[in-house]
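# Structural characterization, general
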Amino acid sequence: MIHRTRIKDIFSAPTSQSYTVMGWVRTFRNNQFIALNDGSTISNLQVVIDMESIDQATLKRITTGAAISAHGTLIQSQGKGQSVELSCETLEILGDCDAEVYPLQPKRHSLEFLREIAHLRPRTNTFSAVFRVRHALAYGIHKFFNDRGFVYWHSPIITGSDAEGAGEMFQVTTLNLLNPPKAEDGSINFKKDFFGKSTNLTVSGQLEGELAALGLGQIYTFGPTFRAENSNTSRHLAEFWMIEPEVAFFDLEDNMNLAEDMLKYLINYVSENCKEDLAFLEQRLIEEEKQKPQNERSEMPLLEKLKFCIEQPFERLTYTEAIEILKNSTPNKKGKFQYTIDAWGADLQSEHERYLVEKHFNKPVILTNYPKEIKAFYMKMDDDGKTVRAMDVLFPGIGEIIGGSQREERYGHLMKRMEEMHIPVEEMDWFLDTRRFGSVPHAGFGLGFERLVQFVTGMSNIRDVIPFPRFPGNAEF
Ligand code: ATP
Ligand code: MN
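Residues numbered from 1 in each chain as written. Chains lettered and ligands numbered in written order. Predicted model: local features only at pLDDT ≥ 70, side-chain atom pairs only at ≥ 80, totals over all residues. Heavy atoms only, no water.

### Describing helix 14 (residues 449–457)
Turn by turn, an α-helix covers 3.6 residues, leaving residues three or four places apart pointing in a common direction. With 9 of its 9 residues buried, helix 14 lies for the most part within the structure. Taken residue by residue, helix 14 has Phe449, Glu450, Arg451, Leu452, Val453, Gln454, Phe455, Val456 and Thr457 as its buried positions. Where helix 14 terminates, the next one or two residues include Gly458, which has phi positive at roughly 75°. (Buried < 20%, exposed > 50% of the residue type's maximum accessible area, 1.4 Å probe, protein only. Helix = DSSP H or I, 4+ residues; strand = E, 2+ residues; numbered from the N terminus.)

Below, the structure is given as structure tokens:
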């Protein structure tokens, strides 16, 4: 076995020694200079070829996209733009790549085009950077919770409960759709289905997370969730990953503190650990924004924006206070919002959330105590009987990044809300057991992982921060 040195490591390795590197050719200039990348870092290694010592047939096979192995001596670079280069002594082609048909040419491709060839996106600078940052965030999330004594809990992905009410669900079935078994009344007989009942893909691991928190104390989930909502926006996917901590003995304020601490920790974690990738993504964003009209460009470069979010406390206010601000805001009075805010009770749209964050407060915002009508059944009722202890964290450029609440731990109150909201109580008996036996105050939230990756990488479309995006009309690969 040949010992391969990763390109990331070679930049800090001692010179005047021999190394073998392997990777994919990004460019090949003057029949002499190969820019080689192996995915370990955004930086390419310059591999310098001695034309005399390499046969013509091999030389022709060094094309953009080809995989090669190169052995040689690491030397201080003569040229500009890199500190070291590999003076190549032997070169082997591992995998040819016909430049005539290879879709990735050494030029800038649009993100839309790259989405159509998502299977090749890991070969590009932008996507390799995004996916390294995505990895670092995932690792940071586990580290954050592990360091604080949380238990990683796996809520089921196929669920027999369809009572969450958070969104439309994808049904899971092995029944023959052309000729499903029927019950006497003509309806489909799910007793004959694989699980003996109707099942769906989960929209959230929260309810099962609550069961765990009321025994293990503090847990978090980090898994895929699925929503068959027909929202073709730059912030919605049909399959996305969610992080859902749930903590016993927590109230709404504890919950807000945890959410703010976690977001700041994660932003700080990637700022420290993904410096090169973030610098690259910042530059990419600056280039992209040059195409946009002045007023749509972001006011701060990416890294500054990340720092800005870590350095100050998030603004905390109630829904009621936010409605007052929005009602009296200039865009509302001038009819600039698509949905005018005229009364208490209105559901906030992304345009309103972004106004609060980007124009009014100019920092992340946590909105609390929403009207009960626009929130889920399990949120704890405030004493006024009108609002619930909900909290949404709103971020610049994103809008809602976290949704959470203190949960209704009182059996009677919860039953009343479930009946009012037509939640099938019989199917939820297992959930109600937590409130029957040793119920305690508890709280939790859901962080949309891709929205966090979007914020940190500055990518404007959520479809560009997950390897294989699923959205209405698309489940390629
Ligand atoms: P939105 O109003 O933006 O659709 P939501 O109120 O439906 O969000 P929740 O049910 O509270 O969201 O889910 C928790 C978090 O999951 C949200 O704050 C968001 O970050 C993320 N999220 C929700 N729906 C999606 C989706 N379709 N694609 C990606 N992330 C999502
Ligand atoms: Mn939604």
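What follows continues from the structure just given.
### Regarding the side chain of Glu208
By the element assignment, Glu208 lies in helix 5 (residues 206–216). Buried charge without a salt bridge: Glu208, with Lys197 as the nearest opposite-charge side chain at an N-O distance of 9.6 Å. Beyond its immediate chain neighbours, meaning those up to four positions away, Glu208 contacts Trp153, Ser155, Pro156 and Thr159. (Lys, Arg positive; Asp, Glu negative; His and termini not counted. Salt bridge = Lys/Arg side-chain N within 4 Å of Asp/Glu carboxyl O. Contact = heavy atoms within 4.5 Å.)

### Details of the nonpolar core
Among the nonpolar cores identified, the biggest contains 66 residues, and Leu263, Ile402 and Val456 are the most heavily contacted of them. Counting residues per element, this core draws most heavily on helix 4 (residues 125–147), at 11 residues. Beyond its immediate stretch of four places on either side in the chain, Ile402 contacts Ala259, Met262, Leu263, Met391, Asp392, Val393, Phe445, Gly446 and Leu447. Counting residues in each nonpolar core, the second largest holds 32 residues, with Tyr319, Met415, Phe431 and Leu432 among its members. (Core = buried A, V, L, I, M, F, W, Y, C linked by side-chain atoms within 4.5 Å.)

### Considering the site of ligand 1
Near ligand 1, the surroundings consist of 15 residues, among which Glu229, His236, Glu400, Ile401 and Arg451 are the closest. Within the backbone of Gly403, a nitrogen or oxygen atom sits 3.4 Å from an oxygen atom of ligand 1. Separating an oxygen atom of ligand 1 from a backbone N or O atom of Gly448 is a distance of 3.2 Å. Computed on the free molecule, ligand 1 has an accessible area of 580 Å², of which 81% lies beneath the protein chains in the complex. Looking at the shell around ligand 1, the elements that each hand over two or more residues are strand 11 (239–248), strand 15 (399–406) and strand 16 (442–448). Sorting elements by how many residues they give to the shell around ligand 1 places strand 15 first, with 4 residues. (Near = heavy atom within 4 Å. Polar contact = N/O pair within 3.5 Å; in protein donor to acceptor, adjacent residues only side chain to side chain. Areas by Shrake-Rupley, 256 points an atom, 1.4 Å probe, with all protein chains shown as cover.)

### What to know about the sheet that holds strand 11
One open sheet holds the 8 strands; their spatial order is 6-10-11-16-15-14-13-12, and the pairing between them is mixed. Edge positions in the sheet fall to strand 6 (151–152) and strand 12 (315–318), since each of these pairs with one other strand and no more. Contacts from helix 9 (residues 319–327) reach strand 12 and strand 13 (365–371) within the one sheet, and its direction differs from that of strand 12 by about 95°. (Pairing = 2+ DSSP bridges. Axes fitted to C-alpha atoms, helices over the stretch in contact; angles between N-to-C directions.)

### So, a nonpolar patch on the surface
Taken together, the side chains of Ile157, Ile158, Phe194 and Phe195 define a hydrophobic patch exposed on the protein surface, amounting to about 400 Å² of accessible area. Within the secondary structure, Phe195 is located in the loop between strand 8 (171–172) and strand 9 (199–201). (Patch = residues over 30% accessible without salt bridge, like charges linked within 9 Å, V, L, I, M, F, W, Y side chains within 5 Å.)

### Things to note about the state of the cysteines
Evaluated as defined, the whole model comprises 0 disulfides. Among the cysteines around Cys274, which has no disulfide bond, Cys309 carries the closest sulfur, lying 17 Å off. By relative accessible area, Cys274 is classed as buried at 6%. (Disulfide = S-S within 2.5 Å.)

### Structural notes on the sheet that holds strand 2 (residues 33–37)
In space, the 5 strands of this closed barrel follow the order 1-2-3-5-4, with mixed pairing throughout. This sheet shows a mean twist of 55° between the axes of neighbouring strands, independent of strand direction. The pairing of strand 2 with strand 3 (residues 45–48) spans 4 bridges and is antiparallel. Paired with Ala35 across the strands is Gln46, a residue of strand 3.

### So, the side chain of Thr58
Inspection of the secondary structure puts Thr58 in helix 2 (residues 56–60). Thr58 gets classed as buried once you look at its relative accessible area, which sits at 13%. What Thr58 contacts, discounting residues up to four positions off in sequence, is Leu91 and Ile93.

### Brief notes about unusual backbone geometry
Non-glycine residue Phe249 carries a positive phi angle of around 70°. In this fold, Phe249 is placed in the loop between strand 11 and helix 6 (252–273). On the basis of relative accessible area, Phe249 is assigned to the exposed category, the value being 63%. In the Ramachandran plot, Asn362 falls in the positive-phi region, its phi being about 55° despite a non-glycine side chain. Looking at where Asn362 falls in the secondary structure, it is placed in the loop between helix 11 (350–361) and strand 13.

### Observations concerning the packing of helix 4 against helix 14
Between two packed helices, both the angle of their axes relative to each other and the distance between the axes serve to describe the pair. Put simply, helix 4 and helix 14 touch, their axes get as near as 10 Å, and they point 125° apart. The angle between the axes of helix 4 and helix 14 places the two elements in the oblique class. Pair helix 4 / helix 14 crosses with right-handed handedness. Where helix 4 approaches helix 14, its residues Val130, Val133, Arg134, Leu137, Ala138 and Ile141 are matched on the opposing element by Phe449, Glu450, Leu452, Val453, Val456 and Thr457. A class-by-class count of the residues in the contact of helix 4 with helix 14 yields 9 nonpolar, 1 polar and 2 charged. (Parallel < 35°, antiparallel > 145°, perpendicular 65-115°, else oblique. Left-handed = near helix turned anticlockwise from the far one by under 90°. Nonpolar A, V, L, I, M, F, W, Y, C, P; charged D, E, K, R; others polar.)

### As for the environment of Asp193
Checked against the element boundaries, Asp193 lands in the loop between strand 8 and strand 9. Here the alpha-carbon distance between Asp193 and Phe455, two residues 262 residues apart in the chain, equals 42 Å. Those residues in contact with Asp193 that lie beyond four places of it in its chain are Val172, Thr173, Thr174 and Leu175.

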